[in-house]
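Chains, contacts and geometry: an overview
The residues making up each chain are set out below.
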Amino acid sequence: MCPCGSGLSYGDCCGRFHAGEAAPDAERLMRSRYSAFVKKDVSYLLKTWHPSTRPASLELEEPVRWLGLTVFESSESGDEAFVRFEARGKYNGRAFKQCERSRFVRENGQWYYVDGDLQP
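These numbers were taken from a predicted model, which means no experiment stands behind them.

Conventions used here
Residues numbered from 1 in each chain as written. Predicted model: local features only at pLDDT ≥ 70, side-chain atom pairs only at ≥ 80, totals over all residues. Heavy atoms only, no water. Core = buried A, V, L, I, M, F, W, Y, C linked by side-chain atoms within 4.5 Å. Buried < 20%, exposed > 50% of the residue type's maximum accessible area, 1.4 Å probe, protein only. Helix = DSSP H or I, 4+ residues; strand = E, 2+ residues; numbered from the N terminus. 1 Å grid on protein atoms, 1.4 Å probe; cavity = no way out; pocket = protein on both sides within 12 Å on 5 of 7 lines; lining within 4 Å. Points joined across faces, edges and corners; volume = space filled by probe spheres on them. Nonpolar A, V, L, I, M, F, W, Y, C, P; charged D, E, K, R; others polar. Salt bridge = Lys/Arg side-chain N within 4 Å of Asp/Glu carboxyl O.

**Concerning the nonpolar core**
Counting 27 residues, the largest nonpolar core has Met 30, Leu 69 and Phe 104 as its most contacted members. Counting residues per element, the ones that place at least two in this core are helix H1 (14-18), helix H2 (26-39), helix H3 (42-47), strand E1 (64-77), strand E2 (80-91) and strand E4 (110-118). If one sorts the elements of this core by residue count, H2 sits on top with 5 residues.

Structural data, given as structure tokens:
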């Protein structure tokens, strides 16, 4: 099953985006980025990060184990979109959750993650 929680197989869901197909909307891009964090696919994360905010490199911490994703809200207006979600995981065996409202933009038909605000 796909790590993003869609209920589909990885190949039918996020795997096709990791293989090069463009995500059709911001929510699917966000889900595919979550799956990339689970699979430690740094190249996909950097490729889908908007150049204006993309770091030069990305180190994924080894003791993080992602456990699940819940999408609460997704909204799109023209070429800008927001996705509010909660990602759950364990860091060195301790449970944590990351709640965020992420901002995405579409340029030349491609969606990119720009930034996000952590939510309480």
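**Some details on the layout of surface pockets**
Sizing a probe to match a water molecule and rolling it over the atoms shows the empty space that remains. Reported here for the largest pocket is a volume of approximately 290 Å³. Lining the largest pocket are 13 residues, with Arg 33, Phe 37, Phe 85, Gln 98 and Glu 100 positioned closest to its centre. Going through the elements one at a time, H2, E1, E2 and strand E3 (94-107) are the ones with two or more residues in the lining of the largest pocket. Top contributing element to the lining of the largest pocket by residue count: H2, with 4 residues. Among the residues making up the lining of the largest pocket, the classes are represented as 9 nonpolar, 2 polar and 2 charged. Here the second largest pocket defines a volume of roughly 180 Å³. Along its surface, the second largest pocket is lined by Phe 37, Lys 40, Trp 49, Leu 58, Glu 59, Leu 60, Glu 61, Val 64, Trp 66 and Phe 96. Partitioned by chemical class, the residues of the lining of the second largest pocket number 7 nonpolar, no polar and 3 charged.

**A closer look at the pattern of salt bridges**
Evaluation of the coordinates by the stated rule reveals 10 salt bridges. The partner of Arg 106 in a salt bridge is Asp 79, and the shortest N-O contact between them spans 2.9 Å. Here Arg 106, found in strand E3, pairs with Asp 79, found in the loop between E1 and E2; they are 27 residues apart in sequence, far enough to count as distant. Using a relative accessible area of 45% as the deciding quantity, one classes Asp 79 as partly exposed. A salt bridge links Asp 115 to Arg 103; its shortest N-O distance comes to 2.9 Å.

Geometry only, nothing functional implied.
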